[in-house]
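# Structure assessment
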Amino acid sequence: MNQEQYHLLRAARPSGADEHEPAVVAARAAAAALPGMNEQLATEHALDVAMGSALHRAEPPPGFETAMLTAMRAARGAADPPAFLEKTVLGAVQIPTVSETSNVVPFRRRAWLGWGAAAAAALVAGSVHWWRTAAFSMHRLKRELAGVSKSGVQLSLMSMDPAAINGWMGYYKAPRAGPLPDKLAALPRKGCHLYQVDGHPVSLECFLLPGMRELHLFCTPAAALLDSPPEGALPGFCSVEGCTLATWTRGGAVALLFSRESAVVIGELLS
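Report on the accompanying structure. Since this is a predicted model, take the numbers as computed values, not measurements. (Residues numbered from 1 in each chain as written. Predicted model: local features only at pLDDT ≥ 70, side-chain atom pairs only at ≥ 80, totals over all residues. Heavy atoms only, no water.)

### Topic: the side chain of threonine 247
- Structurally, threonine 247 can be placed in strand S8 (residues 243–250).
- With near-sequence residues (within four places) excluded, threonine 247 lies in contact with Met138, Lys142, Pro229, Leu234, Pro235, Gly236, Ala255 and Leu256. (Helix = DSSP H or I, 4+ residues; strand = E, 2+ residues; numbered from the N terminus. Contact = heavy atoms within 4.5 Å.)

So, in structure tokens, the structure goes:
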């Protein structure tokens, strides 16, 4: 069972509407061969069903929707939000907390609203930090993309044809740090995708080494990124959460190449 099949089963609709699809049928068969996998997926399925049921029953606190829309609109603006906004939004989502000694049944309305309030407060806190920095940092981007690379990337286009990938990336105006080093550009592809991180476009091109070993090349505009590598400088190398990471800037875009290969192997590709 590969990563794509695993994520496909996790994404299958709890209603069972996807179970007749050939790819889902094949993934179910692969999962059955792994001890404990069906039980894990069944547990996640039950949580999804309970979550969906809780969403239908939940009632947001008064003013929640208006306050959150106000916060989101302010977060997209260039100017700092009004001084009262953080207090207003936090006040709108705060509800009495459940005592640690209470015997609370999972997914009851009170517990669900408590989680909702916590998530909303986290969103507000993150938005306030965003307003104050006005950009996202290289350090944070490295950590987030390392997690994406390790857990399994998404591919909107699956193709080994560089021309097809170039066409898709061009159509969706995906950022690219080019031209790529010759040895990297010569590798076969697996596909591509376009993410949004803090509202910024981050493209992905998936390259293949012998043995179907993947290299994940993410690119994002350098202008909005704090502490981006200098334009034209040689690639820098570091380790992030067990992954080898090479970073460089070309053509106004920052490239972040994640791999499970050693820095020596990646350095040779980029030479």
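Read on for the rest.
### Remarks on the side chain of threonine 249
- Structurally, the position occupied by threonine 249 is in strand S8.
- On the basis of relative accessible area, threonine 249 is assigned to the buried category, the value being 2%.
- Separated by 2.7 Å, the side chain of threonine 249 and the backbone oxygen of proline 229 make a polar contact.
- Not counting chain neighbours up to four residues away, the residues in contact with threonine 249 comprise Ala222, Pro229, Pro230, Glu231, Gly232 and Val254. (Buried < 20%, exposed > 50% of the residue type's maximum accessible area, 1.4 Å probe, protein only. Polar contact = N/O pair within 3.5 Å; in protein donor to acceptor, adjacent residues only side chain to side chain.)

### A word on the pattern of salt bridges
- Overall, the coordinates contain nine salt bridges when judged by the stated rule.
- A salt bridge links arginine 140 to glutamate 144; the nearest nitrogen and oxygen atoms lie 2.8 Å apart. Placement of the pair is arginine 140 and glutamate 144 together in helix H7 (residues 138–151), with a separation of four residues, close to one helical turn.
- Judged by relative accessible area, arginine 140 falls into the partly exposed class, the value being 36%.
- Accessibility expressed as a relative area gives 33% for glutamate 144, which makes it partly exposed. (Salt bridge = Lys/Arg side-chain N within 4 Å of Asp/Glu carboxyl O.)

### What about helix H10 (residues 263–270)?
- For H10, the set of buried residues is Ile266, Leu269 and Leu270. The buried residues of H10 occupy one face: seen down the axis, they fall within an arc of 90°.
- In this fold, the buried residues of H10 make contact with helix H9 (182–185), strand S4 (200–209), strand S5 (213–221), strand S7 (236–240), S8 and strand S9 (253–259). (Arc of directions from axis to C-beta.)

### Examining the environment of arginine 260
- As for its position among the elements, arginine 260 is in the loop between S9 and H10.
- Each C-alpha atom of the pair arginine 260 and arginine 213 lies 8.4 Å from the other, and the pair is 47 residues apart in sequence.

### Focus on the sheet that holds S4
- A sheet is described by the order of its strands in space; here seven strands give the open sequence S2-S3-S4-S5-S9-S8-S7, paired in antiparallel fashion. Of all the strands in the sheet, just strand S2 (157–158) and S7 have a single pairing partner and so form its edges.
- As judged from the two bridges shared by S2 and strand S3 (residues 189–197), these two strands associate in the antiparallel manner. Residue pairing for S3: leucine 157 is matched across the bridge by cysteine 192.
- The sheet contacts of helix H8 (residues 162–171) involve S2, S3 and S4, and relative to S3 the element is tilted by about 15°. (Pairing = 2+ DSSP bridges. Axes fitted to C-alpha atoms, helices over the stretch in contact; angles between N-to-C directions.)

### Overview of the environment of histidine 193
- Relative to the helices and strands, histidine 193 resides in strand S3.
- Classification of histidine 193 as buried rests on a relative accessible area of 10%.
- For the pair histidine 193 and glutamate 205, spaced twelve residues apart in sequence, the C-alpha separation works out to 6.9 Å.
- Those residues in contact with histidine 193 that lie beyond four places of it in its chain are Gln154, Leu155, Ser156, Trp168, Val202, Ser203 and Leu204.
- In terms of polar contacts, histidine 193 uses its side chain to reach the side chain of serine 156, at 2.6 Å.

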